[in-house]
Amino acid sequence: MVENASRLDTNVEQAELFPDAALPDELVGYRGRAACQIAGITYRQLDYWARTELVEPSIRLAEGSGSQRLYSFKDMLVLKVVKRLLDAGVSLHNIRIAVDHLRGRGVRDLAGVTLFSDGTTVYECTSAEDVVDLLRGGQGVFGIAVSGAMREITGTIHDFPAERADGGGLRTPDEDELSRKRRDRQTG
C-alpha cells in the first residue's frame, strides 16, 4: 500500500529539470517493442501487465489482429518504476496499489516524488522531511527517485521511433549548435 508520509501542497518548478522539448506531448506514443527497450523489461512482462491492467497503454490499446499498443511517456515511466519495484522484491499486489496511486499524478508532478519501500509497504516522499521521518523508524528501506527514471527515459527516448495517435507529423526538436557541428562534420 502507498502511504503518503506527509502530503505537501507544493508547486515546485520542474522546467529546469525537464525542459518542454524533452517531454513528448500526450499524443506521441511508442509501440510495445520500443517501450520494452526504453523501460528495460521483456515483451512478455509488457504483455502480461497490459492484459492484467497493471500498466495499460494510455494512447492506444491493441484491439484485434494487427493492431498495436501505443504507450505514452508517462506509461513508460510507470513501467520503469514497476520494474524497479519488482527487482527490489516488492509484491505485485503492493505494486498495483502504488501504480494506482501514481496514475492520478501528472508527469511533471511525478518528478518530485521518491518512492521508498521496506520490501512490504511502498511510501511516497515528496520532501527531505518525509524521508527523515520514514528513516527514523530504524528499519532498512530502499528508494526510487522517479525523477531519475524520467531522466533515463528522456535520455534514450529519442533513439526510438515514435508516432502520433492522431496521425499527424512529429515535431522535431530544434537543432542545437553542437548537433549542427556534428552533422556538418559528418556530411563534409
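Data block above holds the structure.
Just so it is clear, the model here is predicted, and its values are computed rather than measured. (Residues numbered from 1 in each chain as written. Predicted model: local features only at pLDDT ≥ 70, side-chain atom pairs only at ≥ 80, totals over all residues. Heavy atoms only, no water.)

Draft legend 1. Region of interest: the pattern of salt bridges. Within this structure, the stated rule accounts for seven salt bridges. Between Glu163 and Arg31 there is a salt bridge whose closest N-O contact spans 2.6 Å. Pair noted here: Glu163 is in strand β7 (residues 163–164) and Arg31 is in strand β2 (residues 28–31), with a separation of 132 residues, a long-range link. Residue classification places Arg31 among the partly exposed residues on the basis of a relative accessible area of 37%. Here Glu152 ties to Lys80 by a salt bridge, and the two come within 3.3 Å at their closest N and O atoms. Highlighted residues: Glu152 in helix α7 (residues 146–156) and Lys80 in helix α3 (residues 73–87), separated in sequence by 72 residues. (Salt bridge = Lys/Arg side-chain N within 4 Å of Asp/Glu carboxyl O. Helix = DSSP H or I, 4+ residues; strand = E, 2+ residues; numbered from the N terminus. Buried < 20%, exposed > 50% of the residue type's maximum accessible area, 1.4 Å probe, protein only.)

Draft legend 2. Spatial organisation of the packing of α3 against helix α4 (residues 92–103). Direction vectors running N to C along α3 and α4 enclose 150 degrees, while the axes themselves pass 11 Å from each other. Here α4 runs roughly antiparallel to α3, going by the angle between their axes. For the pair α3 and α4, the crossing hand works out as right-handed. Each of Lys74, Val78, Val81, Val82, Leu85 and Leu86 in α3 lies in contact with α4, whose residues at this interface are Leu92, Ile95, Val99, Leu102 and Arg103. A per-class count over the contact of α3 with α4 returns nine nonpolar, no polar and two charged. (Axes fitted to C-alpha atoms, helices over the stretch in contact; angles between N-to-C directions. Parallel < 35°, antiparallel > 145°, perpendicular 65-115°, else oblique. Left-handed = near helix turned anticlockwise from the far one by under 90°. Contact = heavy atoms within 4.5 Å. Nonpolar A, V, L, I, M, F, W, Y, C, P; charged D, E, K, R; others polar.)

Draft legend 3. Seen up close, the pairing of strand β5 (residues 122–125). Residues Val122 and Glu124 point to one face of β5 and Tyr123 and Cys125 to the other, with burial holding for every one of them. Direction of pairing for strand β4 (residues 114–117) relative to β5: antiparallel, over a ladder of four bridges. Paired with Thr114 across the strands is Cys125, a residue of β5. In sequence, β4 turns back onto β5 through a hairpin of four residues, with Gly119 there showing a positive phi of about 95 degrees. (Pairing = 2+ DSSP bridges.)

Draft legend 4. Summary view of α3. Given a rise of 1.5 Å per residue, 15 residues ought to cover 21 Å, and the 21 Å separating the end C-alpha atoms of α3 matches this to within 8%. Among the 15 residues of α3, twelve are classified as buried, and the element is accordingly described as predominantly covered. The set of residues buried in α3 consists of Phe73, Lys74, Asp75, Met76, Leu77, Val78, Leu79, Lys80, Val81, Val82, Lys83 and Leu85. (Expected span 1.5 Å × (residues − 1).)

Draft legend 5. Here's a closer look at the nonpolar core. Residues Tyr30, Met76, Leu79, Val82, Leu85 and Leu115 are the most contacted members of the largest nonpolar core, which totals 39 residues. Looking at this core, the elements that each hand over two or more residues are β2, α1 (32–39), α2 (43–51), α3, α4 and α7. When residues of this core are assigned to their parent elements, the largest contribution, eight residues, is made by α3. (Core = buried A, V, L, I, M, F, W, Y, C linked by side-chain atoms within 4.5 Å.)

Draft legend 6. Broad picture of the pairing of β2. Two strands pair when backbone bridges link them, and β2 and β7 are joined in this way by two bridges, in the antiparallel orientation. If you follow Gly29 over to β7, its bridge partner there is Glu163. Alignment of β2 against strand β3 (residues 70–71), held across two bridges, turns out to be antiparallel. Across the sheet, the residue bridging to Arg31 is Leu70, located in β3.

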